Amino acid sequence: MNTPSLYREQNTFFHKRMDPLSKLLLVCCLFIDAFVVPTLPGACLLALLTVGLLYLARELGRAVKILAGCALLLISIFLIQGLFYQNNQTVLLQVGPLSFYREGISYALKISLRVITMIAAGSLLVLTTSPTDLLEACVRRGVSPRLAYMLAAILQIIPLMMRNAAKIQEAQEARGMAVRGSLSTRFRAFLPLLTPLILSSFVNIQERSMALEVRGFSLGGPRTFYRSEPVYKGMLPVRFVLIGSTLGILCWRLFG
Amino acid sequence: MAKGAFRLTTLGIVMIPVAVGINFIGKQLANTLNLPIWLDSIGTILSAVIAGPWIGAISGFVNNLFFGLTMDGGLSIWYGISSIAIAMAAGVLAALGWFRSLPKAIVAGIIVAIVSAIVSTPINVLLWGGQTGKAWGDLLFGMLIGNGVNIWLASFIDELLLDLFDKVVVAALVYFIALGLPKRLTQGIRSAETAVRK
Amino acid sequence: MIRMQQFTYRYSEMARPALEGINLVIEPGECIGLLGSNGAGKTTLCYAIMGLIPHFFQGDLTGEVRVNNQPVAKMDLAAMSRQVGMVLQNAANQLSGTKMTVEEEIAFGLENFAIAQEEMRERVDWALEILGIAGIRKRNPYQLSGGQLQRVAIASVLVLKPQILLLDEPTSQLDPKGTEEVYQVLRQLRKEGITILLAEHKVEMLAQCCTRLIVLNEGKIMADASPHAVLGHPSLPDWGVEAPVFTQAYQAVVQPHHGEKVPITLRETIERLNQYEQAYRG
Amino acid sequence: MNKLIEVEQVSFAYEPGMNVLNQLSIAFAPGVTAVLGENGAGKTTLMKLLKGLLKPTAGRIKIGGRDTRQYSAAEIARHVGMIFQNPDEQIFKSSVLDEVMFGPLQIGQSPAEAKERALAALAALDLSDVEKENPYDLSYAARKRIGIASILAMNPEAIIFDEPTIAQDQQGLRRIGQIMSELKAEGKTVIAILHDMEFAARYCERIVLLARGGVIADGPPALVFANDDWLRQAGVKAPGLVRLGQALQLSQTTVTVEQFSQAFRTEKLRAD
């Protein structure tokens, strides 16, 4: 039963020797850089750098799948901005009646490079970090265990609910309910398939919260961890480099 | 910690992953039944309606935070704000009785859609230059800014076109689901909530 | 250990009280079977001893429950769970649902109580050993058989080292193999000196491992005595409970007069029927 | 047609190569049949094949003489009803009556007929007084009975019970046993997947043992429960009374209390 997380065990620097919080910092820095980098070549370099990191983490293939999700959107941005961007002046390309302007295309390019950098950075974190490790690292640094509980519980509850949804569909079909057919048939099948899941899940929350109470969930105060904290060497210099580079780009933007 | 408070918090905390799970399964079901609609906020709005705006808002935020951290590389974290806004709006409307009849629920759906569009527009402009990723909406957006319509207004209309249909249907579905909820459940949640206010 | 005096409780949304005038004393080391039809109040009695009533369930409550001479109403749930552990009927609800392996799931409670890591490891290994699930310590808790999941639920409560363990129909969802696994565990727990209160429909299982049986019907205690006395009682069917099939066989053949001690397990019935045969033909 | 459900050399695998059923052949006719065996023996899989929820990878299943491949799951629902183990995986209406009427309406009964059959089913399951209640305001055992009523109301010729005895008390077990006997009297085919040996011995006139995807025994309780080898293969323990009778060397395999006391008196006490 796989959980919705896309994390996969691999043996690279990003998977094994970079701690989750440094990766979180890396992603935040790249997010800021993506917005702050002043020039197009700079944005291009940044995007290449991020994609390069993905290649090093041997997750470029799967990252492209995430990126493909909004490829269509990026293409439509080029079309629409190319044609209709407010301060379009100089025509770059004439295709029959349609005239694509330089300003629109470069604005679209700016948006696309920024999105590519952000998604590549986000995918780097998502594909190389196990959610439970990330959550535990955050809780060790003071993030409320209740928020960590909610996120971790979703990880397990989704595969469980998917299994129940399949059983519900079987039970309702066994009672003669049609699932294929006209739009109205399919639409009428929605509530008989979703409501049993909602009811049985909500009725269980009372028992679940009792079980948590009985195991000291709302005690608050100091807590310990069953797993010992993994040791990552050489993370401090990495963090300084990240913060330093982002400040550098920031200065470039302000005084460039 | 007041006795009532921590009970609601635990009950509320346990409810949130369920709400997020329902969002996910709702979207998946709409997909497998290939309905022309998202339906990925049923859990958030239902929790807002039965457990109040705060629980709803947290469900909304945690929903986007979770999918950002596990599936779509951080993108949906940007839209966490609009999930919070949607839930708060639905929670307040429900408290004011706007989910007590189907017509009222549909009006509530429209209001939620407007709130969602208002809050999502700045994010769309920031990220995508105003577009939303849905073909029809973006085509309209292009024509509007082509005729000199302000980019913010055009993006708002693009998003509203999208949200209106989705949120009205979600509001109607939540109305029917909430109608059928057992007394034991709604009282359990409400008694936990009043315990806090006492 | 546990004392209930004139305990009466009505859930806020119910018309009839779930428990009425309950007087009960449970001594250390006992293994008590709780019998009764659905809705007789078995689960409510467990909630009352565990402290979930009144801390979790609002409702009308009179009388008192004391654990180790401290009134339950005054203690908070976390403190209670160091003395009394409760295993819910639906094992899946017992889990925190946030851990990817069985051993971490069992340690969840210890993390909240800030138990030192060293002691956590010892306690988890101890619980895994007793429950016989050391082999699946790295498995995902949601990919186990019913019997395994129930044993993980028991372990997750046991690690808090309660002196008393309440089990609410632990085998109701299990097949005979799973049921046997859980009862082997209960025999093992009794060797550890843990007091057990066990709500259960499967009368044959209770007859084998309980030192005392309590029958509840519509919230009142109908009988509270040794298994032999209770399972031989003529008005057992009126309380919605059936004697073990061995006892019924013995009664059909011998028609014992009221009060005579009846056999309740397979072994006892074989002996008594052989004796009866000799006496009859002698 | 007496042989309502025929299973001919059926194999099935969820994943290729991992056969859950291996060339299994059996026929189900009117009467009450218990299907026993360990988890993973293929009991529920076989039932889903009968229901048309799964298609066999090899072999054929015929209902009323017609191959199930020609039916849709919804069509089969008119002939074969299945009561799933967990009622919470189907209940969604806000009143018991609406829930029980859902099935009949789906297979095309008129609202009037659906209501009439639903009320009759509720009466049979002792649920008439909670007709208007929300199923989730009742106990799990009551919801299990609602699950049974919602299939009875569809009036199929064959009814499959998947683990009906789970979480039931003595009263519940007796009521479900009575329902099965009444269905048998009406000439229906009842198939029950069970783990409760005493219930199987008391209410079923035919016992089928499944193991590793095949039938290893098929006959009356007295015959099947007497054969320790079959029972061991199926990973199943004989009912208490059978073990008691064997321990006392009774020649007859006794399945009910009356049978046992009769056999004990005649063989052991040489009485009456």
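Position numbers for residues count from 1 along each chain, tracking the sequence in the order it is written. To read the labels, note that chains go from A and ligands from 1, taken in the order they are written. Totals for whole chains, interfaces and linings use all residues, but because this is a predicted model, local features are given only for residues with pLDDT of at least 70 and pairs of side-chain atoms are given and counted only at 80 or more. For side-chain calculations, the full set of non-hydrogen atoms in the structure is used, while hydrogens and water are omitted.

Bringing the domain arrangement of chain A into the picture now. Note that domain bounds follow an automatic or database assignment of domains. The assigned domain composition of chain A is domain 1 (13–129 + 229–255) and domain 2 (144–214). Look at where the C-alpha atoms of domain 1 of chain A and domain 2 of chain A centre, and you get two points 37 Å apart.

What follows covers the pairing of strand β4 (residues 59–67) of chain C. Residue and element names in this part refer to chain C. At least two bridges found by DSSP between two strands are what make those strands a pair. Where helices and strands are cited, they refer to DSSP runs of H or I of at least four residues and of E of at least two residues respectively, numbered from the N terminus. Where strand β1 (residues 2–11) meets β4, eight bridges bridge the pair, whose relative direction is antiparallel. Note that in β4 the partner of I2 across the bridge is V67. One ladder, built from two bridges, connects β4 with strand β5 (residues 70–71); its direction is antiparallel. When the sheet's bridge partners are listed, R66 is paired in β5 with P71. Count of turn residues in the β4/β5 antiparallel hairpin: two residues, of which N68 carries a positive phi of about 50°.

What follows deals with the side chain of S209 of chain A. In this fold, S209 of chain A is placed in helix α10 (residues 190–214). Residues are treated as being in contact if the distance between any of their heavy atoms lies within 4.5 Å. If we skip the residues at most four places from it in the chain, S209 of chain A touches T10, L11 and V14 of chain B together with F56 of chain C.

This next bit is on the UniProt feature "transmembrane region" (unreviewed entry) in chain B. All names here are of chain B. UniProt positions are given in the numbering used here, feature names are shortened, and annotations may be inferred rather than shown by experiment. When the UniProt feature table is mapped to this numbering, "transmembrane region" (unreviewed entry) covers residues 6–25, 37–57, 77–99, 106–127, 139–157 and 164–181. Helix and strand shares over residues 37–57 are 71% and 0% respectively, and the end C-alpha atoms of the span are 22 Å apart. Each end of residues 106–127 is marked by a C-alpha atom, and these two atoms are 30 Å apart; helix forms 100% of the span and strand 0%.

Residues and elements named next belong to chain A. If you check UniProt for "transmembrane region" (unreviewed entry), the listed places come out as residues 24–57, 63–86, 107–127, 147–166, 187–205 and 236–255 in our numbering. The straight-line gap between the two end C-alpha atoms of residues 63–86 is 33 Å; of that span, 83% is helix and 0% is strand. The distance separating the terminal C-alpha atoms of residues 187–205 is 28 Å; by composition the span is 95% helix and 0% strand.

Further remarks concern the interface of chain B and chain A. If you look at the interface, chain B gives 68 residues, while chain A gives 64 residues. For any pair of parts, buried area is found by adding up, for both, the accessible area (1.4 Å probe) each one loses once the two are put together. When chain B packs against chain A, close to 5600 Å² is buried across both sides, 82% of that on carbon and sulfur atoms. Here, a salt bridge means any Lys or Arg side-chain nitrogen found within 4 Å of an Asp or Glu carboxyl oxygen. Viewed at the interface, chain A and chain B are joined by zero salt bridges. Identification of polar contacts relies on pairs of N or O atoms within 3.5 Å, with a donor-acceptor requirement for protein atoms, meaning one able to donate a hydrogen and the other able to accept it, and with residues adjacent in sequence counted only if both atoms are side-chain atoms. The interface formed by chain B and chain A contains six residue pairs in polar contact (both at pLDDT 80 or more). Going through the elements one at a time, α1 (3–32), α2 (42–51), α3 (53–70), α4 (75–78), α6 (102–128), α7 (135–146), α8 (151–179) and α9 (183–197) of chain B are the ones with two or more residues in the side of chain B that touches chain A.

Let us look at the nonpolar core. Buried Ala, Val, Leu, Ile, Met, Phe, Trp, Tyr and Cys residues that are joined via side-chain atoms within 4.5 Å together make up what is termed a nonpolar core. Buried residues are those whose accessible area, probed at 1.4 Å on protein chains only, stays under 20% of the maximum for their type, while exposed residues exceed 50% and partly exposed ones sit between those limits. If you look at the biggest cluster of nonpolar residues, it comprises 177 residues, and the most contacted ones within it are F190 and F202 of chain A, L39, I42 and F99 of chain B, L52 of chain C together with L36 of chain D. Not counting residues within four places of it along the chain, the set of residues in contact with F202 of chain A comprises M15, V18, I22, L46, I50 and L185 of chain B. Counting residues in each nonpolar core, the second largest holds 59 residues, with M120, A127, V241 and A243 of chain C among its members.

Take the sheet that holds β4 of chain C next. Residue and element names in this part refer to chain C. Pairing within the open sheet is antiparallel, and its four strands lie in the order β2-β1-β4-β5. Each end of this open sheet is capped by a strand with a single partner; those strands are β2 (19–26) and β5. Along the sheet, helix α1 (residues 42–50) contacts β1, β2 and β4; its crossing angle with β1, the most-contacted strand, is approximately 120°. Axis angles are defined between N-to-C directions and span 0 to 180 degrees, where every axis is a line fitted to C-alpha atoms and, for a helix, only to the segment in contact.

Here the focus is the packing of helix α7 (residues 146–158) of chain C against helix α8 (residues 176–191) of chain C. Between two packed helices, the angle of one axis relative to the other and the distance separating the axes together describe the packing. All names here are of chain C. The geometry of α7 relative to α8 is characterised by a closest axis approach of 8 Å and an angle of 25° between their N-to-C directions. The orientation of α7 with respect to α8, classified from their angle, is roughly parallel. As α7 packs across α8, the resulting crossing turns out to be right-handed. Counted together, G147, Q148, Q150, R151, I154 and L158 of α7 and G178, E181, V182, V185 and L189 of α8 form the full contact between these two elements. Nonpolar residues are Ala, Val, Leu, Ile, Met, Phe, Trp, Tyr, Cys and Pro. Charged residues are Asp, Glu, Lys and Arg, and all others, Gly as well, are polar. For the contact of α7 with α8, a count of residues per class yields five nonpolar, four polar and two charged. Oblique is the label for any angle not under 35 degrees, not over 145, and not in the 65 to 115 range, which are roughly parallel, roughly antiparallel and roughly perpendicular in turn. Crossing handedness is defined as follows: a turn of the near helix away from the far one that is anticlockwise and smaller than a right angle gives a left-handed crossing, while the clockwise case is right-handed.

Residues and elements named next belong to chain A. Residues qualify for a patch when their relative accessible area is over 30% and they have no salt bridge, like charges being joined within 9 Å and the nonpolar side chains of Val, Leu, Ile, Met, Phe, Trp and Tyr within 5 Å. Per-residue accessibility takes into account occlusion by the displayed protein chains alone, with areas from the Shrake-Rupley method and a 1.4 Å probe. Residues I32, I243, L247, L250, L254 and F255 make up a contiguous nonpolar surface patch of about 610 Å² in total accessible area. At five residues, the largest contribution of residues to the nonpolar patch is made by helix α11 (residues 235–255). Along the chain, the position of L250 falls in helix α11. Judged by its relative accessible area of 33%, L250 falls in the partly exposed class.

Residue and element names in this part refer to chain D. One open sheet holds the four strands; their spatial order is β2-β1-β4-β5, and the pairing between them is antiparallel. A single partner strand is all that each edge strand has here, and the edge strands are β2 (19–28) and β5 (66–67). When strand β1 (residues 5–13) meets strand β4 (residues 58–63), the two strands line up antiparallel, connected through five bridges. The residue of β4 that forms the bridge with V7 is I61. Across the sheet, helix α1 (residues 43–50) touches β1, β2 and β4, and the angle it forms with β2 is around 60°.

With that settled, consider the interface of chain D and chain A. Across the contact, 21 residues belong to chain D and 19 residues belong to chain A. Taking both sides of the interface into account, the surface hidden between chain D and chain A amounts to around 1700 Å²; carbon and sulfur atoms contribute 65%. Interface area lost by chain D to chain A is led by E89, F92 and Y136 of chain D, which between them contribute 34%. A salt bridge links E89 of chain D to K167 of chain A; the nearest nitrogen and oxygen atoms lie 3.7 Å apart. The tally of links from chain D across to chain A stands at five residue pairs in polar contact (both at pLDDT 80 or more). A per-element tally of the side of chain D that touches chain A places helix α3 (residues 96–106) of chain D first, with four residues. Of the residues contributing to the side of chain D that touches chain A, the split by class is twelve nonpolar, four polar and five charged.

Between I53 of chain C and P54 of chain C the backbone carries a cis peptide bond, its omega angle lying at 0°. If you trace the backbone, P54 of chain C turns up in helix α2 (residues 52–55). Positive phi is not limited to glycine here, since N34 of chain B has a value of about 25°. Positionally, N34 of chain B belongs in the loop between α1 and α2. Here N34 of chain B falls in the exposed class, since its relative accessible area comes to 52%. The phi angle at K161 of chain C is positive, at roughly 55°, despite the residue not being glycine. Along the polypeptide, K161 of chain C turns up in the loop between α7 and β7 (164–168). The partly exposed category is assigned to K161 of chain C, whose relative accessible area is 41%.

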